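Listed below, chain by chain, are the residues.
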Amino acid sequence: MALRVTGLRKSFGGVHALQGVDLTIEAGEVHALLGHNGAGKSTLIKALGGAFQPDDGTIEVGGRSHAGLTPRQSIEAGIAIIFQHLSLVDSLSVVDNIFLGQEQRRLGMVDRRRQREAAQRLLDRLGATSSLDSRVGDLPMGQKQLVEIAKALSRDPVVLVLDEPTAALSSHEIGALERTVRSLQEQGLAICYVTHLLGEVERLADRMTVLRDGRVHVATSLEGKTRRDIIEAIAEPPTDLPPAGPVHDADPPQLQVRGLAGPGIGPVDLEVRPGEIVGLYGLIGSGRTRTLEMVFGRRSRRGSITVGGREVRRATPRAALAAGLALVPGDRGRQGLFASLTALDNALLPAQGVLSRFGLRRRRAEAEAFERLATSLAVHPATPNAPARAFSGGNQQKLLLGRWINGILPTTVLLLDEPTQGVDVRARHEIYKVVRTIASERRTAVLFASTDPEEVVALADRALVMQDGRVIGELAGAALDEDALLHAVHQSDSDLQEQS
Amino acid sequence: MNAVVKKSVDRRTFLAWTGGIGAAVLASACSAPSSTKASGDKVAKSSKDVDTVAWDYPFTFLPVYAGVAKFAKERAKEKGVSLEQTNDNGKPDVQASNLDTLIAKKVPAIVSFPMVFEALETQAAKALSAGIIWVTYGGTLENQSASITFSFEEGGRKLGEDAAAWAQENLGGKGKVAFLVDDTIQLGIERTKGMIDAFTAAAPDMEVVGREQAIDPDTALTKTKAILAKHPDVNVVLGITDGAAFGGYKALVESGRSETDAKTYVGGQDGDLGSLELIKKGTFYRASAALQLRDIGNAVIDVPLAVADGKSDAEASTDVPITLVKQGDALLDEIIAQYG
Amino acid sequence: MSTTVNPRQLARYPLIPVIVAMAIGFELSTGSFMGSQNLLGIATDSATLAIVAVPSALLVISGYLDLSVGSTYALGAVAAGWLASEHGGGLLTCVLLSLLAGLAVGAVNGFLCCVVGLSPFIVTLGTLTAVRGLAQQFAPLPLTSFGDSFAWLGGAKVAGLPSPVVIALLVVLVAGAILALTPVGRHIYAIGVSREAAYLSGVRVRTVPFTLFLATGACAALAGAIKASVLGAVQSGTAGSGFELAVLTAVLVGGVALTGGSGTLVGVVLGVAFLGILQNGLTLVGVPTFWQQVAQGLALVVAAGLAYLAPRLEALAAVRPQAARRTTSEPTPATT
C-alpha cells in the first residue's frame, strides 16, 4: 500500500478538526475523498503536506511511518499535493517552474539541456500541449494545472493528492484531466482525489472515503455501487433550516444594481427584494467577489447602486454602510477579522460609535449587545474579551456576521462572499440558519457569492450564474439544483469554445 | 534620557547618507555657472583667477559655524568671490565624497576642516595636483597650500588655567569640579585634554565629581542635574562648548544657586552670544575661550587668495588666536557687537 | 482588574521589575538616587520625551510611524524662541506659533502617508532632514534672552509639580482617555491590526492616522518649546537631535509593536521612565562616556528580551490562577 493514515487527530483552539481519521490508498488506485465543507478534508490534506504536526496518529508513506511531517519531509516521503490555488510563478517559463528550487546542476551550473529533456518527458506523460518556453501566466487554467502536476511528478512521488482539481476548469479541460488521472493511475501512482462532484467519483474512483465532522463516516469500495448509494453515503442528516421567507414580487427591490461595470466586470444588472436570498454562483475567476466589492464601494465602478430606492453615489465602504449595505468579505483573515482584538471589538467595532454617548463608549451597552448577539448567533465560547484568533473559523465568521446584524446598525442589504469558507459543518448550518432568519424576520436582502453549488442550492431563493464578469443565467425554485448550476457554467463554456 | 540614543554624531550617521547625497547634488547644481568658468585646467595665477572659494565645514550643527559663515560671506562679497558651502552632516565619509565632488568639478580653492586629519591627505594631494588651492582649516596636513589654525588644545588650556586660578583664590583650592566633555571628535578630544590637564595640574586638590559627554545645552542640563543630585555643592563646571556650559549653568540655577554666587564658576568655549551676555551681566558664568569669528571668517577668504597671489605656505598661513574673555574685557563687547 | 499587583500584570509589564531593580541598584551604589530632588529632576527631564512618545505610540499602534519628531522639536523650539527673543512674544503667542509649526509638519507627513499613501518610514525620514534644515536656516545662531512670560512654560510650578511634568500628565491622560473610552480608540487599534478590514468596516482609515500625525507634530513642537523655555536657549542644530530615536526606543521598549495594532500607554510611560532612570543613574554613578553607551545598549537588549518573554510569562501567569476556577469555557489560543 502506498499511503496509510492511522488514527490521525488534530484540534485547533478547542475545535476538533480531525478525530481519529484512517485512510488507506493502494498503488494504482484512485481514491475519492468526499465530505462537505468543514468535514475535515482540507485539514487532512494539510497534515499530509506537513502544514502542521498532528496531535496523534501516524502517516505511513511507501512503508515508512511518520508521527508528523514538515513540508520538506512530506515531499521527500513522496507526497505531492496539487492545491486549488497553484504554487506557480506566473512570470517564469514552464520549464523554469517545473524545476524551481530543484534545478538540475552540472559542475555547479544549471544544466538546461537536461532540464528541458526531463520537462518534455513529464509534459508528454501528462498529455500536456504547452510549450516549454511559454510564460505560465499566459496558459489556460487546465494547462497551468498540468504544469503544477508535472512539477510534482518531477519529484517522483508515491502519492498524488488532487484538491478539487476541476473546480476552475472548463468541461473540455475536465475531460482531459480525467484522462491524465487514469494514465497516472495505470503508471502505478496512488491518487487521492478530493471532490464534491458525483460524476467524477463515478467515472474515476476505485474506492471512496467520506468524512463528516472530522471522522470517517464511510470508507468503501465503489465496485458495484450505484449513484444512489454514493448520494446516500454523502448525504447529511436532514437539516432544520428555517423555511425561506416569502418574497413579494410587489415589493420594490431593496438592492437594485444597474449597469454595474468595472475592469473585467459587467455590465451587471440585478435586484434583490426584501427578505430574498440571492446566490451569485460561478467558478474561480468569474467575477463574483469583484461584483460584491464594487457594489460595496471597495472598488471603483460605473453604473448605479440603489438601496431602498435611494442611489448610493459615492463608491466607498462608508457611503455603502450609511446606505444600509454591509459586506462580510471572503478573505476572512485579511479583510474581515481583527485577529488580535477581542471578540467584542470584532463584533461591535462599527456599532460602538452608535452606542456611544457624548463621544464616550458605553461599556455596559456594548456588553449587553454582545451577549444578545452571542446568543442569537450561538457564538462559542461567548467570552467578549478573548482575542478573535482564539475562535474557530465558524465562530469567527459569526462574529463578522454579527458586526452587521446586531440590531444596532441599519443594515438592510447584506453582502456575503463565500460565507462558509473554512467553517465546520455545525457552524455552517448555524450560519445558514442565521442568514435565513434575518432574511425572513428582518426582511434583510441577502446577496451572497459562492463557488459551492451545494451551498447555493441550500441557501438561495434564486441563483445568478456568473461567468467572465457577467450574469449568464438565472435559476430559481424547482429548477435550482446542483446539476443545473454545473451545467450552466460548463455548458456555456464549451459553447464558447465551439464557437471560437 | 535623550542620550540613550542621543549622540548627535549617531544621529548624523543615521542621516548622513540621504543628506550627503542631497548636499552633493545641491552643491553641484547651485554653482554650475561658476564651475564652468573655472574649469578647463586653468590654474589660478593670481587672486583674480579665483572666483569661488569652497568652504567645507563638517560641523554645521554647531552655533559657531553660523557665526563664522556670516563673516566669511561678508568678506567674500567684499573681495568679489562667491562662497560655496558643503553639508557633511558631521560624517567623515560624506566629507570625503563631497571633497571629491569639489575636486572633480575643479573649484579654484578649497578650505577644508578635516574631521579626521590623516584621512584627508589623499584628497588634499589630489586637489593640489589638479591645480586647486587647498587650505587646511583647524590644523595642518602634509599636502596643503596653506593653513588656518587655532589651537583647540590651547583654548581648553586657557579656560582650565583660569578656572584653576579662580578656585585657588576663592575656594582655597578645595572644592568640587565637573567637566562636560567631548570624546567623539578630534577637536573635542583636544579641547577636553587641554581643559582637564591644565585645571588638574593647577588645582590638584579639587575633587573631580563628574566627567560627562555633552556638547549641547539640552544634554548638559540633564547630566549636570544628575551630578548635582549626588553632589549638590559642585563649585566649578567647565564645558567643552559654550552650549554645554550654558546647560550646566541652567542646572545650577534650577537647583537654587544664586546667579551671582561667589563660590561658583562656570566657563565654556566658543564665545556664543548667550554665554557672553551672561558673562557681561556678572553672573557666575565667568569665562569663555572665544574664537574670533570675524578673524576666522576673513581668513577663510583671505588665505586662499593670498596663495593665488603667489604667497608661500608660511607667508599665507594664519594662526587665529583664541582668547579667554571675562567680565570687563574690551574684547567681550567687541565680540558681542560682532553678533549684532 | 484588581488593584493589587498580581503576577499577571507584572508579566504584562516586564519593565516594572526592571525599573525597580534599577532604582534599588542606583540607590545602593550612590545613596542619592531616591532623593525627591533627583526623582523630580528625572520626571522633568523625561516629560518632554513622554509628551512626544505618547502620540507617537498611538501612531505606531495605528500602523504608522513618525521619525521627523526630532526636527519638529527643533522647529517648535526655534519658532517659540524666535518670537520670544526677537519680538518679545508672550507665553501664549509663543506656544501658538510653535504648535502651528508642529501642525504644519504633521499635516505634510499625514498628507503624504495617509492620503497619498507613501511609506511613512521614507516620508518622515525625509521630513526629519528637511525640517532640521528649515530650523537651522531660520535660526542659524543660538537664540537666548526669552523674557519672563515665556520662561513660565517650562519653569512654573503647578501644585508643586514642574509645569513640563504637568503638561506630560495631561497628554498621557487625554491619550489614555481616547484609547480606553472612545470608539476612536478602538479604531486606532483596528487600523493597526488590519487597515483593509477597518476600511471595510467603515472606519476612517485616512482621517484617524492623519489626525495622529497632526497630534504628534504638535506635541513634538510643544516639547521643543518647553525645553527651550526650561533652558532659556535654543540651538537649532542640536536641539532634539537624536530625539526621534529616543522616542522610538521608549515606544518599542514600552511594548508597542512596530507592526501596529498592539501596545498600551502604561507600557509607553514605563518605557519613558526606563530611559530617564537609566540615563540619570549612569551619570550619578559616574560611568565613563563609552561605557555608558555600552550599558545603555545592553539595557535596551535586556528590555527587548523581557518584552519578548512577556507574552509567554503572561500566558503562564494566566494559566495558574485560572486553572482552579475555570475548566473548558476559556478558549486556548490557537496556534495557527
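What you see is a predicted model, and the numbers here were worked out from it, not measured in a lab.

1. Some thoughts on the overall build of chain A
The number of helices and strands found in chain A is 17 helices and 22 strands. Over its C-alpha atoms chain A spans a radius of gyration of 24 Å, differing by no more than 12% from the 23 Å that the globule rule assigns to 500 residues. Oriented by its inertia axes, the alpha-carbon framework of chain A measures out at about 75 × 55 × 55 Å. Burial statistics for chain A: of 500 residues in total, 55% are counted as buried. If you take every contact in chain A between residues at least 6 apart in sequence, the share linking residues at least 24 apart comes to 67%.

2. What about the side chain of H187(C)?
Looking at where H187(C) falls in the secondary structure, it is placed in helix α9 (residues 183–193). By relative accessible area, H187(C) is classed as buried at 16%. Apart from residues no more than four positions distant in its own chain, H187(C) is found in contact with L349(A) and V203(C).

3. Points about the packing of aromatic side chains
All names here are of chain B. This structure, assessed with the given rule, holds 22 aromatic pairs over all chains. Taken together, a centroid distance of 5.3 Å and an interplanar angle of 85 degrees make the contact between Y137 and F150 edge-to-face. In this pair, Y137 is assigned in strand β4 (residues 133–137) and F150 in the loop between β5 (146–149) and α6 (152–171), connecting sequence segments 13 residues apart. Both residues of the pair, Y137 and F150, count as buried. Note on Y249 and Y285: the rings are 6.0 Å apart at their centroids and 55 degrees apart in plane angle, and the pair reads as tilted. With Y249 in helix α9 (residues 242–254) and Y285 in strand β10 (residues 285–290), the pair connects residues that are 36 residues apart, well separated along the chain. In this pair, the class of Y249 matches that of Y285, namely buried. Taken together, W55, Y57, F59, F61, Y65, F113, Y137, F150 and F152 form an aromatic cluster joined through their ring pairs.

4. Here we look at the confidence of the model for chain B
Residues and elements named next belong to chain B. Averaged over every residue, the pLDDT of chain B is 84; the share at 70 or more is 86%. Within chain B, helix α2 (residues 32–38) has the poorest average pLDDT of any element, 39, and strand β8 (residues 236–239) the best, 97. Taken as a whole, residues 1–41 scores under 50 in pLDDT and shows 81 contacts with residues more than four places along the chain or in a different chain.

5. Some points on the interface of chain A and chain C
Every contact between the two is made by 37 residues of chain A and, on the other side, 26 residues of chain C. Counting the surface lost from both chain A and chain C, the interface buries some 2600 Å², and carbon and sulfur atoms represent 61% of this. The interface formed by chain A and chain C includes two salt bridges. The salt bridge partner of D345(A) is R186(C), with a shortest N-O separation of 2.5 Å.

6. Some details on the side chain of K227(C)
For K227(C), the position within the fold is in helix α11 (residues 207–231). With residues up to four places along the chain from it excluded, the contact list for K227(C) reads D218(B), L221(B), D45(C), T48(C) and Y73(C).

7. Let's talk about the domain arrangement of chain A
Parsing chain A into structural domains produces domain 1 (3–234) and domain 2 (255–499). Placing the centre of domain 1 of chain A and that of domain 2 of chain A at their C-alpha centroids yields a distance of 32 Å.

8. Overview of the sheet that holds β4(B)
Remark on secondary structure: sheet strands pair via backbone hydrogen bonds, oriented parallel or antiparallel. All names here are of chain B. If you walk across this open sheet you meet the six strands as β2-β1-β3-β4-β5-β11, and the pairing is parallel. Of all the strands in the sheet, just β2 (82–85) and β11 (318–319) have a single pairing partner and so form its edges. Strand direction decides the pairing type here: β5 and β11, joined by two bridges, are parallel. Of the residues in β11, the one forming a bridge with T149 is D319. Relative to the sheet, helix α4 (residues 92–104) contacts β1 (52–56), β2, β3 (109–112) and β4, its axis offset from that of β3 by approximately 165 degrees.

9. Focus: the pattern of salt bridges
In total, this model carries 40 salt bridges over all chains according to the counting rule given. Here E474(A) makes a salt bridge to R462(A), at a shortest N to O gap of 3.0 Å. With E474(A) in strand β22 (residues 470–476) and R462(A) in strand β21 (residues 462–467), this pair connects stretches of sequence that are twelve residues apart. Notably, a salt bridge pairs D218(B) with K227(C), separated by 3.2 Å at the nearest N-O pair. With D218(B) in helix α8 (residues 217–230) and K227(C) in helix α11, this pair bridges two chains. One connected set of salt bridges, linked through shared partners, spans R258(A), D269(A), E271(A) and R273(A).

10. A short note on the interface of chain C and chain B
Residue-level contacts link 51 residues of chain C with 45 residues of chain B. Here chain C meets chain B over a buried area of about 4100 Å², counting both sides, of which 63% is carbon and sulfur. Across the contact surface, chain C and chain B share two salt bridges. Taken together, the connections running from chain C to chain B amount to eight residue pairs in polar contact (both at pLDDT 80 or more). Elements supplying a minimum of two residues to the side of chain C that touches chain B: α3 (36–61), α6 (120–138), α11, α12 (243–253), α13 (265–285) and α14 (289–325) of chain C.

11. Notes on the environment of L75(C)
Residue and element names in this part refer to chain C. Within the secondary structure, L75 is located in helix α4 (residues 69–86). On the accessibility criterion, L75 (14% relative accessible area) is buried. When the C-alpha positions of L75 and T44 are compared, they lie 21 Å apart, and in sequence the two are 31 residues distant. Ignoring any residue separated from it by four or fewer positions in sequence, one finds L75 in contact with A101, V105, V131, L134 and A135.

Criteria and thresholds
- Residues numbered from 1 in each chain as written.
- Chains lettered and ligands numbered in written order.
- Predicted model: local features only at pLDDT ≥ 70, side-chain atom pairs only at ≥ 80, totals over all residues.
- Heavy atoms only, no water.
- Helix = DSSP H or I, 4+ residues; strand = E, 2+ residues; numbered from the N terminus.
- Rg over C-alpha atoms; globule rule 2.2 N^0.38 Å.
- Buried < 20%, exposed > 50% of the residue type's maximum accessible area, 1.4 Å probe, protein only.
- Contact = heavy atoms within 4.5 Å.
- Phe/Tyr/Trp six-rings, centres within 6.5 Å; stacked < 30°, edge-to-face > 60°.
- pLDDT = per-residue confidence, 0-100.
- Buried area = accessible area lost by both parts, 1.4 Å probe.
- Salt bridge = Lys/Arg side-chain N within 4 Å of Asp/Glu carboxyl O.
- Domains from an automatic or database assignment.
- Pairing = 2+ DSSP bridges.
- Axes fitted to C-alpha atoms, helices over the stretch in contact; angles between N-to-C directions.
- Polar contact = N/O pair within 3.5 Å; in protein donor to acceptor, adjacent residues only side chain to side chain.

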